[in-house]
Amino acid sequence: MGNRILVVDDEKEIADVIELYLKNEGFEVEKFYTGKDALASIEKAAPDMALLDVMLPDIDGFEVLQKIREKYNFPVIMLTAKTEYMDKINGLMLGADDYMAKPFNPLELIARVKAQMRRFTKYNTGGRAQEDVIDFGNMFLNRTTHECIYNEKHLTLTPIEFDILWLLCDNRGQVISSERLFEEVWKEKYYKNSNNTVMVHIRHLREKMSGPAGKSNFIKTVWGVGYRVEK
């Protein structure tokens, strides 16, 4: 595959196992045990994806994630030994694309890495048709370049955020249920707790789209049903 993946985990045994499995799948791996070393590496050359532990010896993974999202859109999967629900919420709100609690099955991690990589790289292929552009009102989306402009402001969106916004805009005027959003964007079966994941990403999108006057109402909530973008 040749994609370069950043692995950041201070537990060397876990980092070594992740590195082994990734290399067996053809990925290039850069491994770091501290957040500062990882950020220094990213500044030199951004990776195609990062696997980021929450508990690091210098700065925590949430702070590293926040600094990444200030400049970069590449997928980030958070890794943590914690099981508290708010840790997952915090990671998703800061722009994580996925989240795995330790201990995890390395094969499941590889499957999630590949899924995120497919989602991300599809925005970097050239020669796409006009159907990959949505332009109406104050919204412009280009699925080829992963570009989003709202109210003349360029928004930095993660691949999942872009997919959510694209699905809503492509079906503007219709109410899209949380179940449909989750299954079409995350490509996984919807469960009861999946609604919370959708809600967090919708909230994060609204925050990115908000202006000086307050939060954006571009994405409307239809209580008990789902979400809608007006025509």
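This text goes with the structure placed above it.
About the cut-offs
Throughout this description, residue numbers start from 1 for each chain and increase along the sequence as written. Local features are withheld for residues below a pLDDT of 70 in this predicted model, meaning they are given only at 70 or higher, and side-chain atom pairs are given and counted only at 80 or more; totals for whole chains, interfaces and linings count all residues. Side-chain measures here rest on the full set of heavy atoms in the structure, leaving out hydrogens and waters. Here a salt bridge means any side-chain nitrogen of Lys or Arg lying within 4 Å of a carboxyl oxygen belonging to Asp or Glu. Put simply, DSSP H or I for four residues or longer makes a helix, DSSP E for two residues or longer makes a strand, and each gets a number counted from the N terminus. Note on exposure labels: buried denotes an accessible area under 20% of the residue type's maximum, exposed denotes more than 50%, and partly exposed covers the range between, all computed with a 1.4 Å probe on protein chains only. When DSSP finds two or more bridges between two strands, those strands count as paired. Angles shown run from 0 to 180 degrees and are taken between the N-to-C directions of axes, each axis being a line fitted to C-alpha atoms and, for helices, limited to the stretch in contact. In what follows, a contact means two residues having at least one pair of non-hydrogen atoms within 4.5 Å.

Describing the pattern of salt bridges
- Counted under the stated rule, the structure contains 16 salt bridges.
- Where Glu25 meets Lys114, a salt bridge forms, and the shortest distance between an N and an O atom there is 2.7 Å. You can see Glu25 sitting in the loop between helix H1 (12-24) and strand S2 (28-32) and its partner Lys114 sitting in helix H5 (residues 106-121), a full 89 residues away along the chain.
- Note on Lys114: relative accessible area 25%, which makes it partly exposed.
- Here Asp97 ties to Arg69 by a salt bridge, and the two come within 2.9 Å at their closest N and O atoms.

A closer look at the sheet that holds strand S10 (residues 175-177)
- On the basis of which strands lie adjacent, the open sheet formed by three strands has the order S10-S12-S11 and antiparallel pairing. This sheet does not close on itself; its edge strands, each paired only once, are S10 and strand S11 (219-222). Strand-to-strand, the axes of this sheet are offset by a mean angle of 35°, without reference to chain direction.
- The pairing of S11 with strand S12 (residues 226-229) spans four bridges and is classified as antiparallel. Note that in S12 the partner of Lys220 across the bridge is Arg228.
- Of the strands in this sheet, S10 and S12 touch helix H7 (residues 178-185), which is tilted by about 70° from S10.

Thoughts on the pairing of S12
- Relative to S12, S10 is paired through three bridges, and the arrangement is antiparallel. From the neighbouring strand, Ser177 faces S12, where its bridge partner is Gly226.
- Following S11, the chain reverses through three residues before pairing antiparallel with S12; Gly224 in that reversal takes a positive phi of roughly 80°.

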